[in-house]
Amino acid sequence: MKESGDIGRVSRRSWLKTLFCGLGAVLVVNRVPARAASVESDLGSKESGPLTVRVSRPFDAETPVREFTSFLTPNHRFFVRSHFGPPAPDLIAEANWKLRIGGLVERSLELTAGDLKRFEPVTITAVVQCSGNGRAFYSPKVPGVQWERGAVGNAQWTGVRLRDLLVRAGMKEQARHVQFQGADRPVVASVPLFTRSIPLAKAIHPDTILAYEMNGRPLPLLHGAPLRVITPGWMADSCIKWLTDITVQAEEAKGYYMETAYRVPTTPVEPGGAAGGPSIPVEEMIVKSLIATPQEGESVKAGPVAVQGVAWSGEAAIAKVEVSMDEGKTWEPARLTGDAYPYAWRRWQYIWPAKAAGTYAILCRATDARGQMQPAASSWNPGGFLWNGWDRVTVTVTA
Ligand SMILES: Nc1nc2c(c(=O)[nH]1)N[C@H]1C(S)=C(S)[C@@H](COP(=O)(O)O)O[C@H]1N2
Ligand SMILES: [Mo]
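Residues numbered from 1 in each chain as written. Chains lettered and ligands numbered in written order. Predicted model: local features only at pLDDT ≥ 70, side-chain atom pairs only at ≥ 80, totals over all residues. Heavy atoms only, no water.

S.K.: Explain the sheet that holds strand β21 (residues 346-354) here, please?
M.R.: Working definition: the strands of a sheet are paired by backbone hydrogen bonds and lie parallel or antiparallel to each other. If you walk across this open sheet you meet the 4 strands as β15-β17-β21-β20, and the pairing is antiparallel. The sheet is open, and its two borders are formed by β15 (288-293) and β20 (335-337), each paired with just one other strand. If you compare each strand with its neighbour and ignore which way they point, the axes differ by 35° on average. Pairing of β15 with strand β17 (residues 303-312) involves 5 bridges; the strand directions are antiparallel. Across the sheet, serine 289 pairs through a bridge with alanine 311, a residue of β17. (Pairing = 2+ DSSP bridges. Helix = DSSP H or I, 4+ residues; strand = E, 2+ residues; numbered from the N terminus. Axes fitted to C-alpha atoms, helices over the stretch in contact; angles between N-to-C directions.)

S.K.: What is the right way to read the side chain of glutamine 181 from this model?
M.R.: Tracing the sequence through the fold places glutamine 181 in strand β7 (residues 177-182). On the basis of relative accessibility, which here comes to 9%, the residue glutamine 181 falls in the buried class. Side-chain polar atoms of glutamine 181 contact the side chain of threonine 195, separated by 2.6 Å. (Buried < 20%, exposed > 50% of the residue type's maximum accessible area, 1.4 Å probe, protein only. Polar contact = N/O pair within 3.5 Å; in protein donor to acceptor, adjacent residues only side chain to side chain.)

S.K.: How do you make sense of the nonpolar core when you look at a structure like this?
M.R.: One broad rule of soluble globular proteins: the nonpolar side chains tend to lie buried together. The biggest cluster of nonpolar side chains holds 75 residues, and the ones touching the most others in it are Leu99, Trp157, Leu165, Phe180, Leu210, Leu243 and Ile246. Each of domain 1 (12-281) and domain 2 (288-398) contributes no fewer than three residues to this core. Not counting residues within four places of it along the chain, the set of residues in contact with leucine 165 comprises Leu99, Ile101, Leu109, Leu111, Leu116, Phe119, Val160 and Leu210. Grouped together as the second largest cluster of nonpolar side chains are 20 residues, Val287, Ala354, Cys364 and Val395 included. (Core = buried A, V, L, I, M, F, W, Y, C linked by side-chain atoms within 4.5 Å. Domains from an automatic or database assignment. Contact = heavy atoms within 4.5 Å.)

S.K.: Teacher, can you tell me more about the environment of arginine 163 here?
M.R.: Within the secondary structure, arginine 163 sits in helix α7 (residues 162-169). Judged by its relative accessible area of 34%, arginine 163 is partly exposed. In sequence terms arginine 163 and alanine 203 are 40 residues apart; their C-alpha atoms lie 6.6 Å from each other. Not counting residues up to four positions away in its chain, the partners in contact with arginine 163 are Ala203, Ile204 and Pro206.

S.K.: Is there a simple way to explain the pattern of salt bridges in this structure?
M.R.: If charged atoms from side chains of opposite charge come close, those side chains can pair. According to the stated counting rule, one finds 17 salt bridges in the structure shown. A salt bridge links aspartate 245 to arginine 100, with the nearest nitrogen and oxygen atoms 2.8 Å apart. Of this pair, aspartate 245 sits in strand β12 (residues 243-249) while arginine 100 sits in strand β3 (residues 99-103), placing them 145 residues apart in sequence. According to the relative accessible area criterion, arginine 100 is partly exposed, its value standing at 36%. With its nearest N and O atoms 2.8 Å apart, the salt bridge here joins glutamate 327 to arginine 392. Here glutamate 327 is found in the loop between β18 (318-324) and β19 (332-333), whereas its partner arginine 392 is found in strand β23 (residues 391-398), with 65 residues between them in sequence. We classify glutamate 327 as partly exposed; its relative accessible area is 44%. Overall, arginine 392 belongs to the partly exposed group, its relative accessible area being 41%. Three or more residues joined by partner-sharing salt bridges are found here, namely Arg54, Glu62 and Glu148. (Salt bridge = Lys/Arg side-chain N within 4 Å of Asp/Glu carboxyl O.)

Below, the structure written as structure tokens:
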């Protein structure tokens, strides 16, 4: 109760700022569960605040798509997702935190944050997207966080190559998978830990990094401070936050989050069907684009309207983005703007000559360099993963 009083003295704006920028704030969230409801009311459940809250505890919130006119998504506007919320602060405090590397290695390592800084720093711009982004668009509905369009962002990540650490530890011949464990823990001990692994080939790829900075600033607590995995081109469920343990193994990680969750069927499942058939883990992202502006429901004046958005596709480049004003019967090419970087999203723009007053649906779809194109709707799967159907906004043109 004392804590609640303390919060009351801070202005709402500065309290929110702390929540998204630093450690102090998440202490607040951890210590004062009662504030969770207010997080929601402060941020608004509509796209009015910095983030759109989907679940308040643990805090799961998406970025309003209007942010996606900018190349980099600012840290305090970057979507937040975790299964149990951030770890107890003492576990990741600088004085206590260590990264342990073990398993099938010649030398087990224990590295402090300072030790990590002695490895060559690398910076990579990469899209991080929740594999459940767009789950809300599946029909029939799939249980889980009802993400719409904004469980994705593009940021500049700085850290060390995972490969450099693995080389330092020396891998044994049987090494095939690299398992990650973060410091976060479920509230109820019977709930499995969020333990995940990636295949060795992705782990030793020079672009797979352990990041301690996001957009040139220390990694915020909500995004995994002090260290998180970044697997460029792959879905965010491989991007383990609050990393403490790396285990080199012969086998994929065991447990719920590898064996049951984050899997997609290898043969089509009829809509509404059950999980349990043959499946593979969610890994690479697939081709996708979003319309950032105009926004859903916006009124625009007749005349040229700049339709802008972003497009990305895992490890492949974006080849083209197209816009349709007739429900997908015909498509016009959009112009790709800005530079193309591997793993980052590409911005695009289409000037729509809006003539007559009325209501219009604007659709977009992207195609990648491999020739993969966004479908009208993704095929239904029991986890509601990998949605990449055409994006769509409805706008009203006024005379
Ligand atoms: N330790 C840990 N890491 C985690 C998770 C988690 O629950 N615990 N959730 C994952 C999922 S499902 C997503 S979508 C991303 C979200 O990263 P962000 O909050 O920085 O956007 O973190 C991933 N890393
Ligand atoms: Mo996710």
